[in-house]
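Architecture and fold: a report
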Amino acid sequence: MHFVRVTGQRTALAVVALIAVSLITFWAVELLPGDAATRMLGREATPERVAHFQEQMNLDAPAVERYSTWITGFVQGDWGESLIQARPKTEGAPAGRINRSVTDIIVPRLTNTLQLAAFALIMYIPLSLMIGIVTAAYRDRAFAAGLSTLVILGCAVPDFVIAIFLLIIFAVALEWFPALSLVDQAETFGAQLRMMTLPAVTLTAAMTGFAVRQMQASLMSVLNSDYVQFATLKGLPRRRVMLLHALPNALGPALRATVINVVWLVGGVVLVEVVFTYPGIGLLLLDALRLLDTPVILASTMILASVYILCNLGADLVAAALNPRLRTG
Amino acid sequence: MSDNESKGIVKRTLSRRKFNMIAGGSVLLAACGDNGDTAQPAATTAAPAPTTEAPATTAPATTTPATTTTIAATTTTEAGATTTTAAPRPLKTLRYGYHAATTSADTLDPAYRTSSTDGLFQTLVSEQIVRLDENLTPTPHLAESWEANDTGTEWTFHLREGITFHNGKPFVAADVVYTFQRLLDPDVASPGAGGLPGLEPDGLTAPDDYTVVMRLTQPNVDWPEAITNSHTRIVPEGATNADLAAQSLGTGAYRIDEFIPGEISTVFERNENYWQPGFPKVDFMEVIAIGEAEARLAAIRQGQVDILSEVPLASVDDLEADPDIEIVTNPIGSQSVAYCQIDVPPFDNNDLRLAIKYATNRPQHSDLVYGGRAHLMNDIPLPGLIRFGLGGSREHDLAMAREHLSRAGYPDGIDLTLTMAEMQDWTVWCPVWQQQLAEAGINVELNVTPADTYWGDQWLSAPFAMTGWNVRTVDHGLGLWYHSEAEWNETHWRSEEFDADLAAARSTTDEAERTRLYHKMQQQIIDEGGHFVPTMYGFFSAVRAGVTGWQPRGVYYTIDIP
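Residues numbered from 1 in each chain as written. Chains lettered and ligands numbered in written order. Predicted model: local features only at pLDDT ≥ 70, side-chain atom pairs only at ≥ 80, totals over all residues. Heavy atoms only, no water.

1. A few points about the sheet that holds strand β8 (residues 199–208) of chain B
All names here are of chain B. Which entries qualify depends on this criterion: We call two strands paired when DSSP finds no fewer than two bridges between them. Strands here are runs of E lasting at least two residues and helices are runs of H or I lasting at least four, both read from the DSSP assignment and numbered beginning at the N terminus. Note on geometry: axes are C-alpha line fits, over the in-contact stretch for helices, and angles between N-to-C directions span 0 to 180 degrees. Residues count as neighbours in contact if any of their non-hydrogen atoms are within 4.5 Å of one another.
Taken together, the four strands give an open sheet; going across it, the order is β6-β7-β9-β8, and neighbouring strands pair in antiparallel fashion. The open sheet has two free edges, formed respectively by β6 (143–148) and β8, since each of these has just one partner strand. For this sheet, the mean angle separating the axes of adjacent strands, direction not counted, is 20°. Where β6 lies against strand β7 (residues 154–159), five bridges are found, and the strand directions are antiparallel. From the neighbouring strand, A148 faces β7, where its bridge partner is W155. Taken strand by strand, helix α4 (residues 173–184) contacts β7, β8 and β9 (211–216), and its axis lies near 175° from that of β8.

Set out below in structure tokens:
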């Protein structure tokens, strides 16, 4: 029953964290200079025009009122309307621009991002396991040293450099992959995969580097441990020792690294989407931030924060289930 | 299957996804609507568009017979018809790589145009009664002709007949009246209202369906030029904000049934009822907005776009070396400009302003910032290339610069702070200029402020700061930047004589006298104004081999707000 209580506590904490995220995001946007009206008008922002659009966007209402309206809707599943793309009709004012709810705007972009993240994870898991095992098992060989160097490079080189590097080599020079990832236009699944390859490889490279580094360390220590030495001395085949005796004990750190990687993905996609012109939630968030479109910013942030919090919650619960010492938490 | 049937299918089923299925990439040719009659004639592809035919997978799976549409791809070969029906005309798509990211604030409504992206979209779907040609001279468009009374206070425009809007409504005088009255309506709050000095809502009348009369409260002999401002594209009578935002509602060469702002790719289809014969030249015009510079260059090199609207000047040489790409230039472009407020010390001293002007090395500035491709300017954002333009450029003269600096009371040099942001080409422009001024003892510190809020927080309030202007007509520019009451008078130039000269130039029909007055005003600004304009860069566009008949037209950039 102890475990149930821990689960309940952690879940409650996650909800509190999400509410905190929404509060911080909302007031951070409030603190930024300007608002959606001035950002939209840009150079055309005369005081009268700004006042006119602030009224249409309901920005003249007090911040507390706007936040409580938003959070009340949000918990009921109504994510509101974009300030920029829908101007609520006020008495006597002309009707709004184009009626698109935040859900309409976010769902297609989120789908694209999830596909990209899934593709990157599918490549990442077997790749990092393989490289981890090979570099640990053959650590005395030249090719393993080469692989390790590559892994360190993957960790050390910033992901936008990797992205531009891949773009120049594989899109411009070799023309194997398209430069623009216009996945909404892909005619076939194959075409879509091709468009997703370069951005996904960029993400995979950074994640693999990190996971392999984590795994190498634990695999090395496991390989040097007495029970593995004993298994080897007993005459068991090297492959068997590796896969059945050493690997399971090294998987813990790899799993933790994966959780950290998924969390990292949340931020990583934003950058990769910009470089590859990938129509995902990262580009959307960037656009919304430039225009201070609060409802879109809030909804996107809540989604990204949920991924973050859920991953950590999952990791905590799994750890609690596995490790009796943590259950009392 | 006939052409018409295949078009019918396109029309009936076209949606974003479906467009994607039937019209992938293709080799193309085009000239887009407004550009139409000034584009080079005879737009042809070097080779027939290579296409393959395939059954449309998007046709409704019910009773519709097997239909044939064209899937075009740059790498496929002519495969001929594979179905039992006759081959339709191959559909042509022009993929236009645009040099900035789209945003969710983009709109098709001319009244709310705020960016050059809006300007591009609106140029495709809607038109003005008068528009500017390459030299920024007004030419007839939806109006065939016009005349004024002797004093320039009453203008009569004769409209073309037989034009229809995208929704099928015929284009008549009431639409013109509605469009302008809507711009002036305070409830609409259009930024375009300020561009129509002297026009009141009740000054607009329509004596018959094809005549519009505009009565002005003050004379303006160049009124047709004034109404080419970027907000005056004609919309049908009664169209609401919501109508105009969601779809195209103009007379333009292209149409779009569902406009979603902020998409990376936006597809416009041809307006089958377009009035100019021979246009549009393609079936689909796909605008692909590419915010990232590397991706943009990669896309044109790789052929993922057929045209790249604006090539960064640093990459022009590289692209020119590519045999598959041609660079086309529009000499009239845009300019980064520094301004100072001439009523704020120390800038209230004209000797200091002259010292800065003499210390500016224009040829070197062009070399270092624009690879030697820029046009040399003379401290006013109006080049000599346009009607009434003055031209020339001040010689670099360090001795004169130092002398003026001494006369201003700073024999040992002066420290100034230039406010800027990391946007446009300022990150190169400013340091180069900073170095040049330093040689004359003018030490400029760069105050880098956030780009997102630059226009709202710094511009117009910082006394010495960066700004940027597309080229406008001389009259429009002088009124916009130097009239005492102009909203955008960033240099605080206030002169009754200047205002009177501007009014006089607007009310005389004597071309020689107008030229004299416009030149006099420009010379005053050059000698005493608070603008520092070393260079103007033209627009360089990249075009893939096989696309012909397309010319970049500066006009919707040049008259429009950046």
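Alright, that's what it looks like, and here's the rest.
2. What to know about the interface of chain A and chain B
Rule in force here: Accessible surface is computed with a 1.4 Å probe, and the buried area is the amount of it that two parts give up when combined, taken over both parts together. One speaks of a salt bridge when a side-chain nitrogen belonging to Lys or Arg is within 4 Å of a carboxyl oxygen belonging to Asp or Glu. Think of a polar contact as two N or O atoms within 3.5 Å of one another; within protein, one of them needs to be a possible hydrogen donor and the other a possible acceptor, and neighboring residues in sequence only count if both atoms come from side chains. Residues are sorted three ways: Asp, Glu, Lys and Arg are charged, Ala, Val, Leu, Ile, Met, Phe, Trp, Tyr, Cys and Pro are nonpolar, and all the rest, Gly among them, are polar.
On the chain B side, the residues contacting the 44 residues of chain A number 60 residues. Both faces considered, chain A and chain B share a buried interface measuring about 4,200 Å² in area, 55% of it formed by carbon and sulfur atoms. For the pair chain A and chain B, the number of links is zero salt bridges. Where chain A touches chain B, the interface holds eight residue pairs in polar contact (both at pLDDT 80 or more). At the level of elements, α2 (36–41), α3 (47–56), α7 (159–173), α10 (238–275) and α11 (281–291) of chain A are the ones that each hand at least two residues to the side of chain A that touches chain B. If you tally residues by element for the side of chain A that touches chain B, the top one is α7 of chain A, at five residues. For the side of chain A that touches chain B, the residue count by class is 24 nonpolar, eight polar and twelve charged.

3. Thoughts on the pairing of β8 of chain B
Residue and element names in this part refer to chain B. Here β8 pairs with β9 via four bridges, running antiparallel. Bridge assignment links T205 to a residue of β9, and that residue is V213. The antiparallel hairpin formed by β8 and β9 contains two residues in its connecting segment.

4. Let's talk about the environment of T509 of chain B
All names here are of chain B. Inclusion rule: The rule is simple: take the accessible area with a 1.4 Å probe, protein chains only, and divide by the maximum for that residue type; under 20% is buried, over 50% is exposed, in between is partly exposed.
Secondary-structure assignment places T509 in the loop between α15 (496–507) and α16 (511–528). Judged by relative accessible area, which is 60%, T509 ranks as exposed. C-alpha of T509 to C-alpha of Q218: the two residues are 291 residues apart in sequence and 14 Å apart in space.

5. A look at α10 of chain A
Think of an α-helix as turning once every 3.6 residues; residues three or four places apart then point the same way. Residues and elements named next belong to chain A. What counts, and what does not: Multiplying 1.5 Å by the residue count of a helix minus one yields the expected span of that helix. Throughout, bend refers to the angle between the axes fitted to the seven residues that end at a position and the seven residues that start at it.
With 38 residues, α10 extends only 44 Å from end C-alpha to end C-alpha; this falls clearly short of the ideal 56 Å at 1.5 Å per step. At L247, α10 is bent by approximately 55°, the largest bend along its length, and proline P248 sits one to four residues beyond. T277 lies just past α10 and shows a positive phi near 50°.

6. Thoughts on the nonpolar core
The line we're drawing: Each nonpolar core is a collection of buried residues, namely Ala, Val, Leu, Ile, Met, Phe, Trp, Tyr and Cys, held together in the definition by side-chain atoms within 4.5 Å.
If you look at the biggest cluster of nonpolar residues, it comprises 118 residues, and the most contacted ones within it are W426, W433, I442, Y454, F464, M466 and L478 of chain B. Among the nonpolar cores identified, the runner-up in size contains 41 residues, and A36 of chain A together with I163, L204 and V212 of chain B belong to it.

7. Concerning helix α14 (residues 474–482) of chain B
Residues and elements named next belong to chain B. For α14, the tally of buried residues reaches eight of nine residues, placing the bulk of the element in the interior. Looking only at α14, the buried set comprises V474, D475, G477, L478, G479, L480, W481 and Y482. Looking at the buried residues of α14, the elements they touch are α5 (223–226), β18 (464–470), α15, α16 and β19 (531–532).

8. Thoughts on unusual backbone geometry
The step from F279 of chain B to P280 of chain B runs through a cis peptide bond, and the omega angle for that step is -5°. You can see P280 of chain B is positioned in the loop between β11 (265–270) and β12 (284–289). Geometrically, the link from P345 of chain B to P346 of chain B is a cis peptide bond, its omega value of 0° lying close to zero. Of note, P346 of chain B is situated in the loop between β14 (325–340) and α9 (350–359). Unusually for a residue other than glycine, N58 of chain A sits at a positive phi of about 65°. With respect to the element layout, N58 of chain A can be found in the loop between α3 and α4 (63–75). For N58 of chain A, a relative accessible area of 38% gives the class partly exposed. One non-glycine residue with positive phi stands out, namely A189 of chain B, at about 55°. The class of A189 of chain B is buried, set by a relative accessible area of 10%.

9. Things to note about the domain arrangement of chain A
Here is the rule we go by: Segment limits for the domains were obtained from an automatic or database-derived domain assignment.
Domain annotation of chain A identifies domain 1 (2–75) and domain 2 (104–291). A straight line from the C-alpha centre of domain 1 of chain A to that of domain 2 of chain A covers 34 Å.

10. Quick word on the pairing of strand β16 (residues 414–421) of chain B
The side chains of a regular strand alternate, first on one face of the sheet and then on the other. All names here are of chain B. Where burial is concerned, most of β16 is hidden: six out of the eight residues are buried. Pairing between β16 and strand β17 (residues 442–449): eight bridges, direction parallel. Considered in β17, the bridge of L418 is made with L446.

11. Observations concerning the domain arrangement of chain B
Many structure descriptions define interface size as the accessible area lost when the parts assemble. Residues and elements named next belong to chain B. Domain boundaries in chain B define domain 1 (3–306 + 547–558) and domain 2 (333–537). Contact residues are listed per partner, giving twelve residues for domain 1 and 17 residues for domain 2. Taken together, both faces of the contact between domain 1 and domain 2 bury some 1,200 Å²; the carbon and sulfur share is 51%. Counting across the domain 1 and domain 2 interface gives three salt bridges. The closest approach of N and O atoms between D222 and R387, which form a salt bridge, is 2.8 Å. For the side of domain 1 that touches domain 2, the per-class residue count stands at six nonpolar, four polar and two charged.

12. Thoughts on the pattern of salt bridges
Taken as a whole, this structure holds 22 salt bridges over all chains when the rule is applied. Here R66 of chain A makes a salt bridge to E30 of chain A, at a shortest N to O gap of 3.0 Å. Here R66 of chain A, found in helix α4, pairs with E30 of chain A, found in helix α1 (residues 2–31); they are 36 residues apart in sequence, far enough to count as distant. Classification of E30 of chain A by relative accessible area gives partly exposed; the value is 30%. For R182 of chain B, the salt bridge goes to D109 of chain B, with nearest N and O atoms at 2.5 Å.

13. Things to note about the confidence of the model for chain A
In plain terms, the rule: Values of pLDDT, ranging from 0 to 100, describe the predictor's confidence in every residue of the model.
Averaged over all residues, the pLDDT of chain A is 83; the fraction at 70 or higher stands at 93%. Within the model, pLDDT remains below 50 along residues 87–97 of chain A, and this stretch shows 30 contacts once partners closer than five positions in the same chain are excluded.

14. What to know about the packing of helix α5 (residues 102–137) of chain A against helix α6 (residues 142–156) of chain A
Between two packed helices, the angle of one axis relative to the other and the distance separating the axes together describe the packing. Residue and element names in this part refer to chain A. As a reminder of what qualifies: Here is the rule for angles: anything less than 35 degrees is roughly parallel, anything more than 145 is roughly antiparallel, 65 through 115 is roughly perpendicular, and the remaining ranges are oblique. Crossings are assigned a handedness: left-handed for a near helix turned anticlockwise from the far helix by less than a right angle, right-handed for a clockwise turn.
For the pair α5 and α6, the least separation of the axes is 8 Å and the interaxial angle reads 135°. Here α5 lies oblique to α6, going by the angle between them. The handedness of the crossing between α5 and α6 is left-handed. Side by side, α5 and α6 meet where I131, V134 and T135 of the first sit next to F143, A144, L147, S148 and V151 of the second. Residues that form the contact of α5 with α6 fall into these classes: six nonpolar, two polar and no charged.

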